[in-house]
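# Architecture at a glance
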Amino acid sequence: MEKKITIAIDGFSSTGKSTIAKLLAKEYNYVYVDTGAMYRAVTLYAFQNNFVGTSFLAKDKLIEHLDDIDLDFQYDEKKGFAEIYLNGENVEQQIRTLEISNLVSKVATISEVRRKLVIEQHKMGAKGGIVMDGRDIGTVVFPNAELKLYMTASAETRAQRRYKELIDKGEKVTYDEVLQNVNSRDEMDSNRKDSPLVKADDAIEFDNSDMSIEEQFKSICDLINNILS
Ligand code: DC
């Protein structure tokens, strides 16, 4: 039977993890799981229910309602990747706003939230043949992944990329707001107690500030083909 490996991609926000992950999933016919979307969907639920806002986090209330949150990924043939559903509703657009980006790292500090999502991530990746991206995939979720990548780029490069994405979607944001969000998420994601973003000892680091997608894709495919051969 054809060997199917687990590919873990971690790194700061807007380092192009999902772009590379989608390309790899397509190339190798693997399943792609965007774990950031899962944290964002829980955050959207918390926001809609008034459990989180700019200046508060009703942690106990959110924990009490965790069983009411049903997340599901459904593959969209046309788009070529799976979109996230929160309690039956496609929330792919709603979770990507700057408003949710500004709240998600706060929600992601809650251990009970992390435990719930890691259980689902384990189920999705149980059979291998998966590309999963996030912050703790190579360290916590799949510490035995055959390939671990750690993506980095300067905060300014990342903010510029995210700013362009948001403007293209018609959001009214300034570059400074986006840079501030990138910096504050880096800070929270790296310093939280439970499963902070750190490079796994055996992860391969890619600083893609000055690297094209094609260059990254080619180097990563070489790594994968080596493992598979
Ligand atoms: O990948 P992203 O920027 O969409 O992720 C949104 C947030 O979710 C990120 O700032 C931190 C959190 N996250 C996490 O804590 N662990 C993961 N595995 C994925 C995301």
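Residues numbered from 1 in each chain as written. Predicted model: local features only at pLDDT ≥ 70, side-chain atom pairs only at ≥ 80, totals over all residues. Heavy atoms only, no water.

## Topic: the overall build of the chain
- Secondary structure summary: the chain contains nine helices and ten strands in total.
- A compact globule built from 229 residues should have a C-alpha radius of gyration of about 17 Å, and the chain, at 17 Å, falls within 12% of that.
- Overall, the chain is about 50 × 35 × 35 Å in size when its C-alpha atoms are taken along their principal axes.
- In the chain, which comprises 229 residues, the proportion classed as buried is 48%.
- Taking the intrachain contacts of the chain between residues at least 6 apart in sequence as the baseline, contacts between residues at least 24 apart amount to 73%.
- Summing over all exposed atoms, the chain offers an accessible surface of approximately 11600 Å²; the carbon and sulfur share of this is 49%.
- Charged side chains of the chain number 30 positive and 39 negative; the gap between the two group centres comes to 1 Å. (Helix = DSSP H or I, 4+ residues; strand = E, 2+ residues; numbered from the N terminus. Rg over C-alpha atoms; globule rule 2.2 N^0.38 Å. Buried < 20%, exposed > 50% of the residue type's maximum accessible area, 1.4 Å probe, protein only. Contact = heavy atoms within 4.5 Å. Areas by Shrake-Rupley, 256 points an atom, 1.4 Å probe, with all protein chains shown as cover. Lys, Arg positive; Asp, Glu negative; His and termini not counted. Charge placed at Lys NZ, Arg CZ, Asp CG, Glu CD.)

## What to know about the site of the ligand
- Around the ligand, a shell composed of 15 residues is seen, among which Arg-40, Arg-114, Asp-136, Arg-185 and Asp-189 lie nearest.
- Taking Ser-105, its side chain carries an N or O atom lying 3.1 Å from an oxygen atom of the ligand.
- The protein chains hide 97% of the 440 Å² of surface that the ligand would expose on its own.
- Where the shell around the ligand is concerned, the elements lending two or more residues are α2 (35-48), α4 (98-107) and α8 (175-191).
- No other element matches the four residues that α2 contributes to the shell around the ligand. (Near = heavy atom within 4 Å. Polar contact = N/O pair within 3.5 Å; in protein donor to acceptor, adjacent residues only side chain to side chain.)

## Some details on the nonpolar core
- Ranked by size, the top nonpolar core spans 35 residues in total, and within it Val-42, Leu-62, Ile-69, Leu-71 and Val-113 carry the most contacts.
- At the level of secondary structure, the elements contributing two or more residues to this core comprise α2, β6 (81-86), α4, α5 (111-125), β8 (130-134) and α6 (137-141).
- Take this core: its biggest share by element is eight residues, from α2.
- Beyond its immediate sequence surroundings of up to four residues, Leu-62 is in contact with Val-42, Tyr-45, Ala-46, Phe-51, Ile-69, Val-107, Ile-110 and Val-113.
- Counting residues in each nonpolar core, the second largest holds 18 residues, with Ile-9, Met-151, Phe-206 and Ile-220 among its members. (Core = buried A, V, L, I, M, F, W, Y, C linked by side-chain atoms within 4.5 Å.)

## What to know about the packing of helix α1 (residues 17-28) against helix α9 (residues 213-228)
- Axis separation between α1 and α9 bottoms out at 11 Å; the angle between their running directions is 45°. In terms of axis orientation, α1 runs oblique to α9. Note that α1 runs across α9; the crossing there is right-handed. When α1 is examined against α9, the residues Thr-19, Ile-20, Leu-23, Leu-24, Glu-27 and Tyr-28 are found in contact with a partner set consisting of Ile-213, Gln-216, Phe-217, Ile-220, Cys-221, Ile-224, Asn-225 and Leu-228.
- Split into classes, the residues belonging to the contact of α1 with α9 amount to ten nonpolar, three polar and one charged. (Axes fitted to C-alpha atoms, helices over the stretch in contact; angles between N-to-C directions. Parallel < 35°, antiparallel > 145°, perpendicular 65-115°, else oblique. Left-handed = near helix turned anticlockwise from the far one by under 90°. Nonpolar A, V, L, I, M, F, W, Y, C, P; charged D, E, K, R; others polar.)

## Digging into the sheet that holds β6
- Taken in spatial order, the three strands of this open sheet run β5-β6-β7, and their pairing is antiparallel. Looking along the sheet, the strands with just one partner apiece sit at the ends: β5 (71-76) and β7 (89-90). (Pairing = 2+ DSSP bridges.)

## Quick look at the sheet that holds strand β2 (residues 31-34)
- Strand order in the open sheet formed by five strands is β2-β8-β1-β9-β10, with parallel pairing between adjacent strands. At either end of the open sheet lies a strand with only one pairing partner, and these are β2 and β10 (204-207). When strand polarity is set aside, the average angle formed by the axes of neighbouring strands in this sheet is 20°.
- The pairing of strand β1 (residues 6-11) with β8 spans five bridges and is classified as parallel. For Ala-8, the partnering residue across the bridge sits in β8 and is Met-132.
- Each of β1, β2, β8 and β9 (147-152) touches α1; the most contacted strand, β8, lies at about 175° to it.

Honestly, it's all geometry; don't read function into it.
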